[in-house]
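Report on the structure
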Amino acid sequence: MARASLCRPTDRKPPEHFTSPRIPCHTRRRDRAGAALLFLRLRESGSRRSRLNAEPTDAPGSRARGVRVPGAGHQSQTDKDERMAAITMEQQPAADEHIAGLRNRIDEIDAALVALWKERAAISREVGATRVAAGGTRLVLSREREILERFSAELGADGTQLALLILRAGRGPL
Ligand SMILES: O=C(O)C(=O)C[C@]1(C(=O)O)C=C[C@@H](O)C=C1
């Protein structure tokens, strides 16, 4: 989008009434004509461009907040907010139920992860003990690299961190 031109000419002295170098021409012209428009940011809407209307108005064709045009299908923001609140309240039990179901599954997954973590650590210790008992080394770094690369390929940097923790759980810290 083209940027609004600023009134301040670069090669001339600013006129006396000039106060701010950042106010666009059209805004200052309106101010001079006494047709000042107040744009306020309405916090609840997050809009910076909404024109403030304290009261609903019947101004034809206006799309400003709070405008009521009979038969034109417009709704005040209050009507919309109330409708949204009613819908939200209606949907709340279904949302709660859905979240409860999802949390059950999360709990199952967490329990499985903990169980698998413990099982893997026990197996890893047994492999190490077997190897050491047979005269081998406690660690096999080529195997660890292979595991780290697999986790990294699947999960990225987090996968690498996760694999390091999993390996440490079995063979202990390096
Ligand atoms: O696979 C092995 O040889 C293991 O000892 C298991 C394991 C692992 O936890 O995955 C543990 C230590 C080794 O350095 C490599 C891998």
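The following paragraphs examine the structure supplied in this document. Predicted model only: the values in this text are computed from it and were never measured.

Some details on the overall build of the protein
Helix and strand counts for the protein come out as 3 helices and 0 strands. The N-to-C order of helical and strand elements in the protein reads α-α-α. Evaluated residue by residue, the protein yields a buried proportion of 2% over its 174 residues. In the protein, the proportion of contacts linking residues at least 24 apart, taken out of those at least 6 apart, comes to 16%.

Comments concerning the site of the ligand
Looking at the ligand, the residues that line it are Ser-124, Val-127, Gly-128, Leu-139, Val-140, Arg-143, Glu-144, Ile-147, Leu-167, Gly-170 and Arg-171. Counting residues per element, the shell around the ligand draws most heavily on helix α3 (residues 141-171), at 6 residues. Partitioned by chemical class, the residues of the shell around the ligand number 5 nonpolar, 3 polar and 3 charged.

Brief notes about α3
Over its 31 residues, α3 runs only 11 Å from end to end, short of the ideal 45 Å by more than 12%, given 1.5 Å per residue. Within α3, the axis deviates most sharply at Leu-155, by approximately 145°. Trailing α3 by a residue or two, Gly-172 shows a phi angle of about 85°, which is positive.

About the cut-offs
- Residues numbered from 1 in each chain as written.
- Predicted model: local features only at pLDDT ≥ 70, side-chain atom pairs only at ≥ 80, totals over all residues.
- Helix = DSSP H or I, 4+ residues; strand = E, 2+ residues; numbered from the N terminus.
- Buried ≥ 20, exposed ≤ 12 C-beta atoms within 10 Å, placed from the backbone.
- Contact = placed C-beta atoms within 7 Å.
- Near = placed C-beta within 6 Å.
- Nonpolar A, V, L, I, M, F, W, Y, C, P; charged D, E, K, R; others polar.
- Expected span 1.5 Å × (residues − 1).
- Bend = angle between axes of the 7 residues up to and from the residue.

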